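As a plain string of letters, each chain reads:
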Amino acid sequence: MKVNVHAVNFTVDKKLVDFVQDRMDKLEKHYDKVVTADVFLKVEKTSDKENKIAEVKLNVPGDEFMVKKQCKTFEEAVDHTLESLERLLQKRKEKVSPHI
């Protein structure tokens, strides 16, 4: 799967990009037909401590999933986003696969 990481309003370090890539690769265990993933990492300019936003757009054949989470750290936001995507992909897999 091709993963594109986009950092909005800041520069992303290689360690965070590797973390995102590693987590996204684990999604393929649940659903192997993922084509591309666009990960948008944003910093919201507020006084709130939970100002890190991870937004993932996942392209699968015939559909597109978009999940957005806001947390204290990018790692936490990415983890929560991928948990939601795992559930979405599991539902899609059950819907698409033929029942025996």
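The structure under discussion appears in the preceding block.
Attention here is on the structure that accompanies the text.

Each value, and the rule that gives it
- Residues numbered from 1 in each chain as written.
- Predicted model: local features only at pLDDT ≥ 70, side-chain atom pairs only at ≥ 80, totals over all residues.
- Heavy atoms only, no water.
- Helix = DSSP H or I, 4+ residues; strand = E, 2+ residues; numbered from the N terminus.
- Buried < 20%, exposed > 50% of the residue type's maximum accessible area, 1.4 Å probe, protein only.
- Contact = heavy atoms within 4.5 Å.
- Areas by Shrake-Rupley, 256 points an atom, 1.4 Å probe, with all protein chains shown as cover.
- Lys, Arg positive; Asp, Glu negative; His and termini not counted.
- Charge placed at Lys NZ, Arg CZ, Asp CG, Glu CD.
- Pairing = 2+ DSSP bridges.
- Salt bridge = Lys/Arg side-chain N within 4 Å of Asp/Glu carboxyl O.

## Some thoughts on the overall build of the chain
- Counting its regular elements, the chain contains two helices and four strands.
- Here the chain holds 100 residues, and the buried ones make up 33% of them.
- Nonlocal contacts in the chain, meaning residues at least 24 apart in sequence, comprise 52% of its contacts between residues at least 6 apart.
- As displayed, the chain has an accessible area near 6,300 Å², and 50% of this comes from carbon and sulfur atoms.
- Seen as two clouds, the 20 positive and the 19 negative side-chain charges of the chain have centres 1 Å apart.

## Section: the pairing of strand S3 (residues 52-60)
- Counting buried residues along S3, seven of its nine residues qualify, which places the element largely inside the surrounding structure.
- As judged from the eight bridges shared by strand S2 (residues 36-43) and S3, these two strands associate in the antiparallel manner. Bridge pairing in S3 places Lys 42 opposite Ile 53.
- Where S3 meets strand S4 (residues 63-71), nine bridges bridge the pair, whose relative direction is antiparallel. Paired with Leu 58 across the bridge in S4 is Phe 65.

## Quick look at the pattern of salt bridges
- Applying the stated rule across the entire model yields five salt bridges.
- Where Lys 14 meets Asp 18, a salt bridge forms, and the shortest distance between an N and an O atom there is 3.2 Å. Here Asp 18 and Lys 14 lie together in helix H1 (residues 14-27), a separation of four residues that amounts to about one turn.
- Judged by its relative accessible area of 61%, Lys 14 is exposed.

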